[in-house]
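Here are the chains, one letter per residue:
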Amino acid sequence: MAQAPCYQALEAGRSLPIRPALRRKRVCSLQTKLLAVVVSTVLAISGMRATSETKLAAPVVGTTPMSVRAPVRVARNTFAQFSVSPASRATRLPSRNGMVSVKQAFQPATDDTATMAGPSTGLFTATKPEDRKVVPRDEKGRKKMKIVYVVLESQYQASMTAACKKINKDQDGVCVECSGYLLEELRDPANYEAFKKEVAEANVFIGSLIFVQDLAEKVVEAVKPARDNLDAVLCFPSMPDVMKLNKLGEFNFAGLGVGGDKAAEGKPVEKKSSKVKEFFKAASKASPATFEENLLKLLRTLPTVLKFLPAGIAQDGRSFLLSLQYWLGGSDDNLENFLLMIANKYVSGIKGEELIDEEKIAPPSLIAEKGIWHPLAPKVFEDADEYLGWYNKEMCPLNGVSTDAPTVGVILQKSHINTKDEAHYVSLFQELESRGCRVVPVYTGSLDFSIPVEQYFYNRQGQCIVDSVINLTGFAMVGGPATQDHDRAVKVLKDLNRPYIVSVPLVFQSFEEWEKSQLGLHPVQTALQVSLPELDGAIEPIIFAGRDGVTGRSVPMADRIEILAERAMNWAKLRNIENKDKKVAITIFSFPPDKGNVGTAAYLNVFGSIHSVMKELKKQGYSIDVPETVEELIDGVLKDKEAELASPELNVAYRMNMDEYRKLTPYAKDLEDNWGPPPGNLNSDGENLLVYGKEFGNVFIGVQPSFGYEGDPMRLLFAKSASPHHGFAAYYSYLEKVFGANAVLHFGTHGSLEFMPGKQVGMSGKCYPDRLIHALPNLYYYAANNPSEATIAKRRGYASTISYLTPPAENAGLYKGLKELGELVGSYQGLRDTGRGPNIVNSIVAAARTCNLDKDIKDLPTEEDDAKDMDLDQRDRVVGKVYNQLMEIESRLLPCGLHTVGVPPTVEEAVATLVNIASLDRPEDGFKALPRLIAESVGRDIEEIYRNSDNGVLEDVALRQQIVEATRAAVKAAAMESANADGRIEAVNPLAVTLQGFVGIQTPWRKALNELGFKVEESELTPLFKYLGFCLEQVVADNELGGLMSALNGEYITPGPGGDPIRNPKVLPTGKNMHALDPQSIPTSAAVKCAKVVVDRLVERQKIDNGGVWPESVALTLWGTDNIKTYGESLAQAMWLVGVEPIADSIGRVNKLRLIPLEELGRPRIDTVVSCSGVFRDLFINQMNLLDRAVKMAAEADEPLDQNFVRKHSIEQAEELGIDLRTAATRIFSNSAGSYSANVGLAIENGGWKDESQLQEQFLERKSFAFNADRPGEMEKADAVFKASLSKVDVTFQNLDSSEISLSDVSHYFDSDPTKVVQGLRKDGKKPSAFVADTTTANAQVRTLSETVRLDARTKLLNPKFYEGMLNQGYEGAREITKRLRNTMGWSATAGAVDNFVYEDANDVFISDPAMQKRLLDTNPNAFRDMIQTFLEANGRGYWETSEDNINRLRQLYQDCEDKLEGIE
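Everything numeric in this text was worked out from a predicted model, so none of it was measured. (Residues numbered from 1 in each chain as written. Predicted model: local features only at pLDDT ≥ 70, side-chain atom pairs only at ≥ 80, totals over all residues. Heavy atoms only, no water.)

**Q** Where do I start with the packing of aromatic side chains in this structure?
**A** The description of an aromatic ring pair uses the distance of the two centres, along with the angle that the planes make with each other. Evaluated as defined, the whole model comprises 39 aromatic pairs. With centroids separated by 6.3 Å and ring planes inclined at 40 degrees, the aromatic side chains of Phe589 and Tyr780 adopt a geometry described as tilted. With a gap of 191 residues between them, Phe589 in the loop between β16 (584-588) and α19 (606-619) and Tyr780 in strand β21 (residues 778-783) connect regions that are remote in the sequence. By relative accessible area, which is 3% here, Phe589 ends up buried. Given the relative accessible area of 1%, Tyr780 is considered buried. The structure contains a cluster of three or more aromatic residues connected by ring pairs, namely Tyr156, Phe236, Phe320, Tyr326, Trp327 and Phe338. A cation over a ring is seen here: Lys694 above Phe696, with NZ or CZ 6.0 Å from the ring centre. The ring of Trp514 has Lys759 lying over it, and the distance from NZ or CZ to the ring centre is 5.3 Å. (Phe/Tyr/Trp six-rings, centres within 6.5 Å; stacked < 30°, edge-to-face > 60°. Helix = DSSP H or I, 4+ residues; strand = E, 2+ residues; numbered from the N terminus. Buried < 20%, exposed > 50% of the residue type's maximum accessible area, 1.4 Å probe, protein only. Lys NZ or Arg CZ within 6 Å of the ring centre and 35° of its normal.)

In structure tokens form, the structure reads like this:
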């Protein structure tokens, strides 16, 4: 490919030569220098966000290479010549002497040699420290200075190497031996030992950006003992403990009053530096604006501060500042002068010897601190209008681009420009320009990238000049890797209102390592440069540059840069295309694949919602044909008008022949390994591939194909998931290249694209999610309560999620026999001490047994027992236990019906949610839960009431129910104050209502409490009800349609957390770009506290059940969403079981551990086998690292084996398997990278399984990939250790954390349940106890799995309130009922946890009643047929014993369904 003349001067890995005459050097004033010292160093120590652009001296305009006038069109993909192609690492680069490899192009010429011997590689990086070691070839009697440096990122590597070699070549009196390490390389034991040895022998140590806690500790451990003997220690912004290592002459941090060594010469400095110290103490709590203002004040006081510092300290402080400026300058020349200055002033044997000509040590040479930088511009611009004037005049004609073309703003990191490591940046610029786009590249030297965004993405009239934004730094908008200010970032981005893409350069891996890795992006980098930017609202974490393993230079990746540029352009185009011309592809799901399941999504009325969206699109000017009714819409998609009614086919929108398929799908050949040649038999008529769906003008509604292997037992067994089939690939090729969609909208939680094989994070061009979505902007309606899977869609499918509300919740209530039983309990309370009391108790016992409550109340009297033989206390205890069980059922929340996008709940519908919000203590907000306040008003503690109620103390069961009813009444009274005549909210102003209390008028909520006999002070209620008023506004607010329209207009979607709106009302309102959380922030201290309560209850109950014997091993399942909602409760449970406490580091990240002494723990350490969901693995791999370290810490503790079951079992397994103790202590397992689930759910949902042994084999095969903190690069197959660990398990354990998702709502829970797997592996064949922790209410419970399944069935599947609510939703509601029956059967298959009465009662409700049969048959015959099939399968597999009449009825009904579907009347 011909190189465009305007870029011919650019070579890979090198910056264009800067004109010497145009480049300025600067020498900073004393005040400015010390300001920079204070800001740049103390910021890191105080853990404060770096928000100031005044970190360094005042900016000086620098220049970039050349001014170009030639009107030559830039050839598209010119930079592909020197970008890394995934197809070949040996990509060639242009050179004057012909072609050279990437490695050669980036390798500095040298006469020095690398002398370190032996292989020493990092665990995540195969780079070798010895490759960057510089040793002078000939010392020639010169004094030698030994330098050791360690850096987070590699861009300094080449500059440091070049600087050292230049000194060795040019200096007559001194030479340099230099050893450099990338921070991640210190994980390797051999590397670390070599590092410690070299530090001990060095003259100078340099560290920069050391923000990974465990590695920071290693650096401190190595440097601190050698610090006194080192001539200089220079640590630039890093963790506080690393910063305290700084030493330069008399300068250290004691001189600034912020820690470190004692003051020089014993002189006290606290008072002298108090202004600096006090400023930063205050500034750490200040807003960015206040911080800027206070900085100016500090600047004015600096002369006063400096007066009090001893001369030596002040001089050395200036040297430190100069060092920092040299370092931040980053070029070969700057680093050479930096090293010479340090040697001349501080290195023993060199300082004072006049071996270096001090006059030749040039001051730092720097470009402007911030600005607009283009590689072909004559200078760095500091004004957007001036830049665009140059660009439109010079670059637009050159590139053949219109001056009103779409414009992409690009955010850069200054250090890459300084170090001339900007080839990856320039490559993207040219790719964008070659596509007809203008670019505005901005940079800053600080870590507050909002500053150049605010200054340079607007013109002088305040108008935004960009259409989309790409942040190439990979960092959060404000704060970088240490601390962030997400609120400020969101404000800046909301004002900008443009799509915000944060792309990621590889930092800890070379290109080859990333390409080979199944995990993809390094876990630490995922946490810092994917998770944190998502909190700002970032989308599409595309890897765009690799790192050369030898030189550390950034290498642009051609295919990644192409897709990044195309995606950014497509987002920008959404702003420039008129709505009437936009095409939108709406994709719906069918899971399990069946005509009756089209439109599957969690708690969403999909077709009703699509109809709402279509009407809104029509209103916004889209060219769309909107069906009159939802039913017409359903018929249009479901029914092939050319087929018979009986056809299983959906409407065929397009038939793609094989020539077209291969042309449009470049990776089609790769699919043949799994599926053979196209078209295959999926989504195919034998000749063509079929795209199901229907066009409605410029809107296409299509049905995403299935995985394809749901019913194939052999494919389900594979440890790794298969590629998409040809029909799946053809569907997405059709959307982009045939229909010509401008955006795709995936409708509801969730589809399959984001779960296709590929890397976990940081997709390559070979990863199937990347291949499938390609360049289509991907919008995704996702349930607000499922942030974990939404995050997978964001990272793997490049989705911009738009959250939707789950249906309003209601209390389950009592019905049929349970309601009658409740009435009997009420009668007893009034007649308990009369002669009728015993008879009523007998009736209660008989009714409880009829309702099968005897299975939950173990000591319930038999029907032969007579209550007349009991005393009053005994009778009360019996009734109390029954009453408590009834209240658990009655008060359980269940979502009613399905949510329709754009239809918020009424105030009445929101009350149950508000009641549960009010029932949780919120100490962080400064108020107690309403039930606690009510209990305290009668002199009781709510925790005691809960405990007594759980134990069946009748008086407290009754009091607990009274408190529940009072809470409901008070909250409802408050909510209804804001309702209009239609029951909807118009305005919430709780303050206005609260004012009634000041004029003697009782507030509605206090009045409600008084009427029920509870006197609570208004002052205690006011903060709570203010909060509830805010929550009510959020619950009924609606931006779901608005968020979608904004996205389709190419605008920024406001980010917000996902999770449980009861625990975290900030989840609301919906319509946000949902994110998870900072993975390094969990488990929180509150989560650890809750975890202790649950674990203690679990092990105590098991101990009681086992006659006083502790359980030795527990199998625990960890879920992504659960840990997001609870901030890591189940993660903390695993740690508490093994007796290890998680500890946060100095900037709040949880990455340290403490082994809790046995005396403090108060029980043995419980061995814990952790099965992580694939989503947990993707989101929290750093926490998997923490867990593995915790288990191994316990295994290696020298403690009695009867008090440390982790060690006991690890020793046994080491002997059994012939492995070392640490390997035998492996307990953290999941799927292989890029694979999800055990496929047990798929098998059960689709009937594709022969017997339970197949399900157990699937679990063992797919979930046996181990995480090992000692080798954290990949998930390794570890069948033997997995089976050996499970064979010792006594208890299986899961968590329920939200009322919205329970055991029968989804297949995930039974998919990962190992109960029968453990039974098959145990030598005694004993089935382990199975427990579920329920933390959905303030009164956390630990129940057996069977108890939980019964509770779930009673409150949902068998509850008229639930199934009638679903049937009112029509087609989709009927499917939801069938799904819960099928999921209930899943618990029979995996754990044997379903009682016969559950199936029998379900049969009575849905099958025995002719009226119900007709409703289901008419509403969704496909779903009704599946329900019947599930009953027959449950009977056939031995899970349900019933009468032959019931079976015959089911068989007849199945035939009736078949006739109905075939059109036979």
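Having seen the model, we can carry on.
**Q** Would you mind going over the side chain of Arg960 with me for this structure?
**A** Tracing the backbone shows Arg960 in helix α33 (residues 954-976). Once residues within four sequence positions are removed from consideration, Arg960 is found in contact with Asn884, Ile945, Tyr946, Ser949, Asp950 and Asn1339. (Contact = heavy atoms within 4.5 Å.)

**Q** Can you walk me through the sheet that holds strand β7 (residues 247-248) in this structure?
**A** Sheet strands pair via backbone hydrogen bonds, and the direction of the pair is either parallel or antiparallel. Strand order in this open sheet of five strands is β4-β3-β5-β6-β7, and the pairing throughout is mixed. In this open sheet, the two strands that pair with only one neighbour each are β4 (174-182) and β7. Of the strand pairs in this sheet, strand β3 (residues 143-151) and strand β5 (residues 204-208) are connected by five bridges, and their pairing is parallel. Residue pairing across strands places Tyr149 opposite Ile206, the latter belonging to β5. (Pairing = 2+ DSSP bridges.)

**Q** Sorry, what's going on with the environment of Asn1422 here?
**A** Among the secondary structure elements, Asn1422 is positioned in helix α56 (residues 1421-1436). For Asn1422, a relative accessible area of 11% corresponds to the buried category. Sequence-wise, Asn1422 and Glu1458 are 36 residues apart; in three dimensions their C-alpha atoms are separated by 8.7 Å.

**Q** How do you make sense of the pattern of salt bridges when you look at a structure like this?
**A** Side chains carrying opposite charge are able to pair once their charged atoms draw close together. Evaluated as defined, the whole model comprises 80 salt bridges. Note that Glu1196 is salt-bridged to Arg1222, the shortest N-O span being 2.9 Å. Pair noted here: Glu1196 is in the loop between α43 (1181-1195) and α44 (1205-1217) and Arg1222 is in helix α45 (residues 1221-1224), with a separation of 26 residues, a long-range link. (Salt bridge = Lys/Arg side-chain N within 4 Å of Asp/Glu carboxyl O.)

**Q** So what exactly am I meant to see when it comes to the sheet that holds strand β32 (residues 1265-1266) here?
**A** If you trace the eight strands from one edge of the open sheet to the other, you get β33-β32-β31-β30-β27-β34-β35-β36, paired in mixed fashion. Strands at the two margins of the open sheet, each flanked by one partner only, are β33 (1276-1277) and β36 (1341-1344). Sheet topology places β32 next to β33; two bridges connect them, and they run antiparallel. Residue pairing in the sheet places Ala1266 in a bridge with Glu1276 of β33.

Interpretation in functional terms is not warranted from these geometric data alone.
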